[in-house]
Amino acid sequence: MPGTTTVEINTAAFKGSISINTGLYIDGKWVDPVEPDTIDVINPVSEALTPALATAKKIAAVSIGSSKDVDVAVTAAQKAYKTSWGLKCPGSKRGKLISRLADLLERDIDQFAALESINAGKPFQIAKNSDLMGSIQCIRYFGGWADKIHGKTIESSENKLAYTRHEPYGVVGQIIPWNYPMLMLSWKVGPALATGNCIVLKPSEMTPLSALKFAELVQEAGFPPGVFNIVNGYGTTVGQAITEHMKISKVAFTGSTLVGRKVLEASARTNLKVVTLELGGKSPTVIFDDCNLEQAIKWTSHALYANMGQSCVAGSRIFVQEGIYDQFMDKFTAVVKALGQATGDPFEASTQHGPQASQVQFDRIMNYIASGKESGATVHIGGERHGTEGYFIQPTIFTNVTPDMKIVREEIFGPVAAVQKFKTEEDVIAAANDTEYGLSACVFSENVGRALRVAHAFESGSAFVNSAQLIESSIPFGGYKSSGIGREHGEYAIETYTQVKGVHINLGLMI
Ligand SMILES: NC(=O)C1=CN([C@@H]2O[C@H](COP(=O)(O)OP(=O)(O)OC[C@H]3O[C@@H](n4cnc5c(N)ncnc54)[C@H](O)[C@@H]3O)[C@@H](O)[C@H]2O)C=CC1
Ligand code: BAL
């Protein structure tokens, strides 16, 4: 029998115990993997910094599955699809269940925020107000779509009537990362359930706790067994099995561009499943002389340092026009310094900047910082680990960078900015687009014409004018170039979870 683990947290922000089922969630039940195995889930803040957290570095040992468990989950999902979900369940009923799920998540928001804090290192208040509020809003939004998915009527001639049906794929696989465990889950699960698909989801093996807790809410909300399944495990086993499965008709993936390519290759090798990919970025933030400087600085900081830089949209390349460069740097440095001083225990009310999510990510970012130093860039501020415990890194700014440096070209996924000076609009558009990525871009200018010209010239799936990273459930999100394929959010997400059938009706044509 799969077990549970109880996490005790005793802080001013959150006091209480949270029990977590540590098994796999398949066919509406908690089960052990076919070949039992576990992985330790780690708290990225050291014990010394959060003495109030009863769990130390290891929070829990949770089950990890294999391709055999993916098979079991797909069979359960197929059965649910054919008997109680998909076209067997009216959209209004699906919508009601999804809305109930959003309500339950809202009820338990503090517990989920606490799990995101201990597992991914997020400051508790930010996890609550941003990650969890965003997740609840997203699930609720897609619940509203469930009974609004209609085809079209096409009258091609007097003797013929045709109409389209927007049908679910059946079983979809969803592979999500560790940087926003609940938010990425909600982006995937919301549209998939609304459109009538059944799900086999693999959370990141590093941050599975909130997804496991979420499965309890799916059960409580009353979803038919098999509609939502979780197989926790490694990418190279469970993840790969999902991408290669012959009975999974669509895979939605968020993660690195490297693995995104593998997901696409697996589809080509197997059943040509539809693949949507939300991948990496190296997003530009462009600040013109005529911007509202105070606002531009705050948004620029948010664009990069939110979530400790571990965002696919992170605005890690900052371009500042020469006329305000010195003024910008003075004020921006002060803001980044203050953020550095607000680094620490995620449960402290004053904390704005937590640890990186894992040892692997910490090492990766520190290697990038070393590469910046070695390649001759100037560390303007930061550039070191913060303290001696946990995976904390100082918010960092590099100046004197050149376009060929690794810190300018590659996704760091950490709190590391590369600031460059520019002269003209034409120059900065070329520089901003000089990247393999194309996820997001920001422009700051009080000249509406210029701001929109630049926003339109960005080769990116999202462009923000005088703001940053305000991603919303109703607005499409996804990448140009190597940042991805397909769109999440809004009716575009509904499209990616449905396939269209044309039905032809003869009203009198004779042969
Ligand atoms: N677009 C985004 O939001 C994200 C981008 N990244 C980028 O990727 C870099 C590496 O982070 P990782 O955690 O190693 O990302 P990753 O791409 O390896 O992991 C993302 C998810 O894919 C799974 N996965 C790994 N290998 C797989 C395979 N062969 N088949 C199927 N699934 C597989 C992982 O288990 C995880 O659930 C980061 O530094 C960052 O640059 C990472 C996470 C999220
Ligand atoms: N992966 C979508 C959200 C983010 O990383 O910024």
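Residues numbered from 1 in each chain as written. Chains lettered and ligands numbered in written order. Predicted model: local features only at pLDDT ≥ 70, side-chain atom pairs only at ≥ 80, totals over all residues. Heavy atoms only, no water.

Trainee: Help me get a handle on the site of ligand 2, residues and values and all.
Mentor: Near ligand 2 you find Asn179, Tyr180, Met184, Trp187, Thr254, Glu278, Ser311, Cys312 and Val313, and these make up its full shell. One of the side-chain nitrogen or oxygen atoms of Asn179 is found 3.2 Å away from an oxygen atom of ligand 2. Glu278 places a side-chain nitrogen or oxygen 2.7 Å from a nitrogen atom of ligand 2. Protein contact buries 97% of the 220 Å² of open area that ligand 2 shows by itself. For the shell around ligand 2, the per-class residue count stands at five nonpolar, three polar and one charged. Both domains that meet at the shell around ligand 2, namely domain 1 (68–279 + 487–498) and domain 2 (284–472), each give it at least three residues. (Near = heavy atom within 4 Å. Polar contact = N/O pair within 3.5 Å; in protein donor to acceptor, adjacent residues only side chain to side chain. Areas by Shrake-Rupley, 256 points an atom, 1.4 Å probe, with all protein chains shown as cover. Nonpolar A, V, L, I, M, F, W, Y, C, P; charged D, E, K, R; others polar. Domains from an automatic or database assignment.)

Trainee: If you had to explain helix α4 (residues 124–145) to someone new, which residues and values would you point to?
Mentor: Under the 1.5 Å per step criterion, the end-to-end length of α4 is 31 Å for 22 residues, consistent within 8% with the ideal 32 Å. Approximately 30° is the largest bend angle found in α4, and it occurs at Leu132. Turning to α4, its buried residues number three or more, namely Phe124, Ala127, Asp131, Leu132, Ser135, Ile136, Cys138, Ile139, Phe142 and Gly143. (Helix = DSSP H or I, 4+ residues; strand = E, 2+ residues; numbered from the N terminus. Expected span 1.5 Å × (residues − 1). Bend = angle between axes of the 7 residues up to and from the residue. Buried < 20%, exposed > 50% of the residue type's maximum accessible area, 1.4 Å probe, protein only.)

Trainee: Talk me through the packing of helix α3 (residues 109–120) against helix α6 (residues 209–221); I want residue IDs and the actual numbers.
Mentor: For the pair α3 and α6, interaxial distance at closest approach is 9 Å and the crossing angle is 160°. If you check the angle between α3 and α6, you find them roughly antiparallel. The two elements α3 and α6 cross, and the hand of that crossing is right-handed. The segment α3 lies against α6, with Gln111, Phe112, Leu115, Glu116 and Asn119 engaging Leu209, Ser210, Lys213, Phe214 and Leu217. A breakdown of the residues in the contact of α3 with α6 according to their chemical character gives five nonpolar, three polar and two charged. (Axes fitted to C-alpha atoms, helices over the stretch in contact; angles between N-to-C directions. Parallel < 35°, antiparallel > 145°, perpendicular 65-115°, else oblique. Left-handed = near helix turned anticlockwise from the far one by under 90°. Contact = heavy atoms within 4.5 Å.)

Trainee: Let's hear about the site of ligand 1: which residues, and what values?
Mentor: Taken together, 25 residues sit near ligand 1, with Trp178, Lys202, Glu205, Ser256 and Glu411 positioned nearest. Here Arg364 contributes a side-chain N or O atom positioned 3.0 Å from an oxygen atom of ligand 1. Here ligand 1 has 800 Å² of accessible area as a free molecule, and 89% of this is covered by the chains. Looking at the shell around ligand 1, the elements with two or more residues in it are α7 (235–244), β12 (250–254), α8 (257–269) and α11 (359–374). The biggest single contributor to the shell around ligand 1 is α7, with three residues.

Trainee: Describe in detail the packing of helix α5 (residues 181–194) against α6, supporting the description with residues and values.
Mentor: Between α5 and α6, the shortest axis-to-axis distance is 8 Å and the interhelical angle comes to 50°. With respect to each other, α5 and α6 are oriented oblique. Of the two possible hands of crossing, α5 and α6 adopt the one that is right-handed. Counting all contacts with α5, which are made through Pro181, Met182, Leu185 and Val189, the residues of α6 involved are Ser210, Ala211 and Phe214. Residues belonging to the contact of α5 with α6 are distributed by class as follows: six nonpolar, one polar and no charged.

Trainee: Just give me the short version of the side chain of Ser210, but keep the residues and values in it.
Mentor: Take Ser210: it is sitting in helix α6. Judged by relative accessible area, Ser210 falls into the buried class, the value being 2%. Other than its neighbours up to four places away in sequence, Ser210 contacts Phe112, Leu115, Glu116, Pro181 and Met182.

Trainee: Can you lay out the UniProt feature "active site" (unreviewed entry) in the protein for me, pointing to particular residues and giving the numbers?
Mentor: Residues annotated by UniProt as "active site" (unreviewed entry) correspond here to Glu278. Looking at the element boundaries, Glu278 is found in strand β13 (residues 274–278). Those residues in contact with Glu278 that sit more than four places away from it in its chain are Met184, Trp187, Phe253, Thr254, Gly255, Cys312, Leu439, Phe477, Ser483 and Glu488. (UniProt positions renumbered as here; feature names shortened; annotations may be inferred.)

Trainee: So what about the environment of Ile429? Which residues, and what values?
Mentor: Looking at the element boundaries, Ile429 is found in helix α13 (residues 425–432). Sequence-wise, Ile429 and Ala455 are 26 residues apart; in three dimensions their C-alpha atoms are separated by 9.4 Å. When near neighbours in sequence (up to four residues on either side) are disregarded, Ile429 contacts Val454 and Ala457.

Trainee: An account of the sheet that holds strand β24 (residues 498–506) is requested, with residue identities and associated values reported.
Mentor: Spatially, β7-β8-β24 is the arrangement adopted by the three strands of the open sheet, whose pairing is antiparallel. Both edges of this open sheet fall to β7 (153–157) and β24, since each of them pairs with a single strand only. Looking at each pair of strands side by side, their axes are set apart by 25° on average, direction ignored. Direction of pairing for strand β8 (residues 160–168) relative to β24: antiparallel, over a ladder of nine bridges. Its bridge partner being in β24, Thr164 is matched across the sheet by Gly502. (Pairing = 2+ DSSP bridges.)

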